[in-house]
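Take a look at the letters that make up each chain.
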Amino acid sequence: MRDPQSAYLEFESLGTPEDAITTVLDTGDRLDVREAAIALHASQISPFEAMPADLRRAFLAVDRLRRVRPEWTGGPIEHEIFVTTERALSAVDDTERRSRR
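What you see is a predicted model, and the numbers here were worked out from it, not measured in a lab. (Residues numbered from 1 in each chain as written. Predicted model: local features only at pLDDT ≥ 70, side-chain atom pairs only at ≥ 80, totals over all residues. Heavy atoms only, no water.)

## Section: the confidence of the model for the protein
Across the protein, pLDDT averages 78, with 67% of residues at or above 70. Within the protein, helix α3 (residues 85–100) has the poorest average pLDDT of any element, 58, and strand β1 (residues 23–26) the best, 93. (pLDDT = per-residue confidence, 0-100. Helix = DSSP H or I, 4+ residues; strand = E, 2+ residues; numbered from the N terminus.)

Structure follows, in C-alpha cells:
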C-alpha cells in the first residue's frame with residue numbers, strides 16, 4: 001500500500017514551473033506508442049491508468065520542456081527541438097550568400 005505521506009506525492013513540487021517552460025511539443029500523433037511504452041514497465045503502476053481517456057490524452061499528447069543547452073535566452077515558446085532539413089538547408093544557403101559578398 002502506498003504511503004499518503006510520501007514525498008513523491010507532494011504535488012506542489014512536481015513538474016517544472018510554467019514560467020520555466022521553453023518548449024511545447026505536440027506528441028499526439030505518437031500517443032499509441034507512448035502508451036505502449038508505459039505499459040511495458042510491468043513493475044510500475046502508471047498514474048495514467050486510472051484517468052479517463054480524455055484526461056490521459058491531455059497529459060500524454062503534449063510535452064512541456066525546459067531547454068537547458070544551449071541556454072535559453074528568452075523569446076517565444078519553441079514548438080520543435082530539431083531543425084528541419086529545409087530550414088537547415090536554407091540557413092546554409094543564407095550563410096553561403098553572405099560569405100560571397
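Here the narrative resumes, following the displayed structure.
## Quick word on the pairing of β1
Only one face of β1 is covered, namely the one carrying T23 and L25; the face carrying V24 and D26 has none of its residues buried. Bridge count for β1 against strand β2 (residues 62–65) is four bridges, and the pairing is antiparallel. Residue V24 lies in a different strand from β2, and its bridge partner there is R64. (Buried < 20%, exposed > 50% of the residue type's maximum accessible area, 1.4 Å probe, protein only. Pairing = 2+ DSSP bridges.)

## Describing the packing of helix α1 (residues 31–39) against helix α2 (residues 53–60)
Closest axis-to-axis distance for the α1/α2 pair is 11 Å, and the angle between their directions is 95°. Comparing their axes, α2 and α1 come out roughly perpendicular. Across from L31, R34, E35 and I38 in α1, the residues of α2 making contact are R56, R57 and L60. Of the residues belonging to the contact of α1 with α2, the class tally is three nonpolar, no polar and four charged. (Axes fitted to C-alpha atoms, helices over the stretch in contact; angles between N-to-C directions. Parallel < 35°, antiparallel > 145°, perpendicular 65-115°, else oblique. Contact = heavy atoms within 4.5 Å. Nonpolar A, V, L, I, M, F, W, Y, C, P; charged D, E, K, R; others polar.)

## Notes on the pattern of salt bridges
Oppositely charged side chains can form a pair if their charged atoms are brought close together. Under the definition given, this model contains three salt bridges. Across the pair D63 and R34 runs a salt bridge, and its minimum N-O distance is 2.8 Å. Of this pair, D63 sits in strand β2 while R34 sits in helix α1, placing them 29 residues apart in sequence. Overall, the relative accessible area of 28% leaves R34 in the partly exposed class. Residue R67 pairs with E78 through a salt bridge whose shortest N-O separation is 3.2 Å. Within this pair, whereas R67 is found in the loop between β2 and α3, its partner E78 is found in the loop between β2 and α3, the two being separated by 11 residues in sequence. What makes R67 partly exposed here is its relative accessible area of 24%. Its relative accessible area of 22% is what places E78 among the partly exposed residues. (Salt bridge = Lys/Arg side-chain N within 4 Å of Asp/Glu carboxyl O.)

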